[in-house]
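Chain and residue survey
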Amino acid sequence: MTLIAIVIATLAAGIGSVWLAAGLMRVGVKTGADVRAGVGSHHLLSLAAGALLATAFMHLLPEAFESQAGAKELFATLLVGLVFFFLLDKAELWHHGHEHHHEAGEPGHAAHDHAPHDHAHHGHDHGHAHAHAAPRSGWTLLTGDSVHCFGDGVLIASAFIADLRLGVVAALAVLAHEVPHHMGDLIVLRQGSAGNRNVALLKVSLAGAVTALGGLAGYFLVAQLQDYLPYFLVVASSSFVYVALADLIPQLQRHLGLRETAAQIAWLLVGIALVTVVSGLAHAH
């Protein structure tokens, strides 16, 4: 039963987030820099940040601390996880900046990232913006996506093994934060595929499907390491917290009018509320 739930949840989070991103782009959700142009990717970023923080602080961490593991060891794991993802992020930024310098001969391009994106907490790609100028890096982007999705699958499996409700909440959080990122992926790959939307959608969907492979690997790995499950949950939490605080929220920190600021806060609260409601429904069943 748990294995079936993991497969369904990882496919929903991995491929579902891609299709949802494509659907939102088709109905007119904005992906540009104008935060006043109706519902846009900045709203999705706010929602994703709220979902990730709520999942980490209201579900994964409490579950880990209710175990027999010591609080000191768990907090140390959280700190190590945050530092690890920071260093991994730095390595990805350096790698893609160096790659673009050789491809385009313009080192300044790597300093900005305007398309919606997610962080490299599992080897993810930060080259969305400069990939616009260098579509040849599309396969690099897909490789990074695949590794990242595999890691997401492992984290979702860890949550399901701890508790079915936690697994549902974790899968929802992964789906929420992947949507704005996949919108950026689709934009980049459409440019590299002569504007062919179907080809871009297929490529990103295949990368998203790797989430299920990560879920399968996580199921068999974590099942053999039950004593370390609280530490897996803390690592998952550190990933969610890092993505929310180091990547998503900084993209929202710009000078806005009162109405736009209120909208960002509202969408952040919607993300928190969504996780809370889904958690309650899963617990009830």
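Residues numbered from 1 in each chain as written. Predicted model: local features only at pLDDT ≥ 70, side-chain atom pairs only at ≥ 80, totals over all residues. Heavy atoms only, no water.

In this section: the overall build of the protein. Each helix and strand in the protein was counted, giving 9 helices and 0 strands. Shown N-terminal to C-terminal, the secondary structure of the protein runs as helices and strands in the order α-α-α-α-α-α-α-α-α. In the protein, which comprises 285 residues, the share counted as buried stands at 50%. Long-range pairs, those at least 24 residues apart, make up 80% of the contacts in the protein between residues at least 6 apart in sequence. (Helix = DSSP H or I, 4+ residues; strand = E, 2+ residues; numbered from the N terminus. Buried < 20%, exposed > 50% of the residue type's maximum accessible area, 1.4 Å probe, protein only. Contact = heavy atoms within 4.5 Å.)

Between its first and last C-alpha atoms helix 8 (residues 229-252) spans 34 Å; for 24 residues at 1.5 Å apiece the expected length is 34 Å, and the two agree. Considering bend angle alone, the principal kink of helix 8 is centred on Ala244 and spans about 35°. The element helix 8 is extensively covered by neighbouring structure, given that 17 of its 24 residues are classed as buried. (Expected span 1.5 Å × (residues − 1). Bend = angle between axes of the 7 residues up to and from the residue.)

Moving on, we get to the confidence of the model for the protein. Averaged over every residue, the pLDDT of the protein is 76; the share at 70 or more is 72%. The model gives residues 33-37 a pLDDT under 50, and that stretch makes 7 contacts with residues more than four places away or in other chains. For residues 106-137, every residue scores under 50 in pLDDT, and the model assigns this stretch 104 contacts once sequence neighbours within four places are set aside. (pLDDT = per-residue confidence, 0-100.)

Moving on: the nonpolar core. Here is a general trend for soluble globular proteins: nonpolar side chains tend to be buried in one another's company. Ranked by internal contacts, the top residues of the largest apolar core, which has 38 residues, are Leu52, Leu60, Ile156, Phe160, Val234, Phe240 and Leu248. Sorting the residues of this core by element identifies helix 1 (2-26), helix 2 (41-65), helix 3 (71-104), helix 5 (138-162), helix 6 (164-192) and helix 8 as the ones contributing at least two each. Counting residues per element, this core draws most heavily on helix 8, at 10 residues. Setting aside residues no more than four positions away along its own chain, Val234 makes contact with Leu61, Ala64, Leu74, Thr77 and Leu78. (Core = buried A, V, L, I, M, F, W, Y, C linked by side-chain atoms within 4.5 Å.)

Before going further, it helps to spend a moment on the packing of helix 1 against helix 7 (residues 197-223). With their axes 8 Å apart at the nearest point, helix 1 and helix 7 run at an angle of 160° to one another. As summarised for this structure, helix 1 and helix 7 are arranged roughly antiparallel, according to the angle between their axes. Relative to helix 7, helix 1 is oriented so that their crossing is right-handed. Here Thr2, Leu3, Ile6, Val7, Thr10, Leu11, Gly14, Ile15, Val18, Trp19, Ala22 and Arg26 of helix 1 lie close against helix 7, whose contacting residues are Arg197, Leu201, Val204, Ser205, Gly208, Ala209, Thr211, Ala212, Gly215, Leu216 and Tyr219. The residue makeup of the contact of helix 1 with helix 7, split by class, is 14 nonpolar, 7 polar and 2 charged. (Axes fitted to C-alpha atoms, helices over the stretch in contact; angles between N-to-C directions. Parallel < 35°, antiparallel > 145°, perpendicular 65-115°, else oblique. Left-handed = near helix turned anticlockwise from the far one by under 90°. Nonpolar A, V, L, I, M, F, W, Y, C, P; charged D, E, K, R; others polar.)

For helix 7, with 27 residues, the first-to-last C-alpha span of 40 Å sits near the 39 Å given by 1.5 Å per residue. Among all positions of helix 7, only Ala200, Val204, Ser205, Ala207, Gly208, Val210, Thr211, Ala212, Gly214, Gly215, Gly218 and Val222 are buried.

Attention now goes to the environment of Ile4. As for its position among the elements, Ile4 is in helix 1. Here the alpha-carbon distance between Ile4 and Leu216, two residues 212 residues apart in the chain, equals 9.7 Å.

So, on to a nonpolar patch on the surface. A cluster of nonpolar side chains, Leu79, Val83, Phe86 and Leu87, forms an exposed patch at the surface whose accessible area comes to about 380 Å². Taking relative accessible area as the criterion, Phe86 reaches 39% and is therefore assigned partly exposed. (Patch = residues over 30% accessible without salt bridge, like charges linked within 9 Å, V, L, I, M, F, W, Y side chains within 5 Å. Areas by Shrake-Rupley, 256 points an atom, 1.4 Å probe, with all protein chains shown as cover. Salt bridge = Lys/Arg side-chain N within 4 Å of Asp/Glu carboxyl O.)

Our focus in this paragraph is the environment of Gln68. Mapped onto the fold, Gln68 is located in the loop between helix 2 and helix 3. According to the relative accessible area criterion, Gln68 is exposed, its value standing at 81%. Separated by 159 residues in sequence, Gln68 and Asp227 place their C-alpha atoms 9.2 Å apart.

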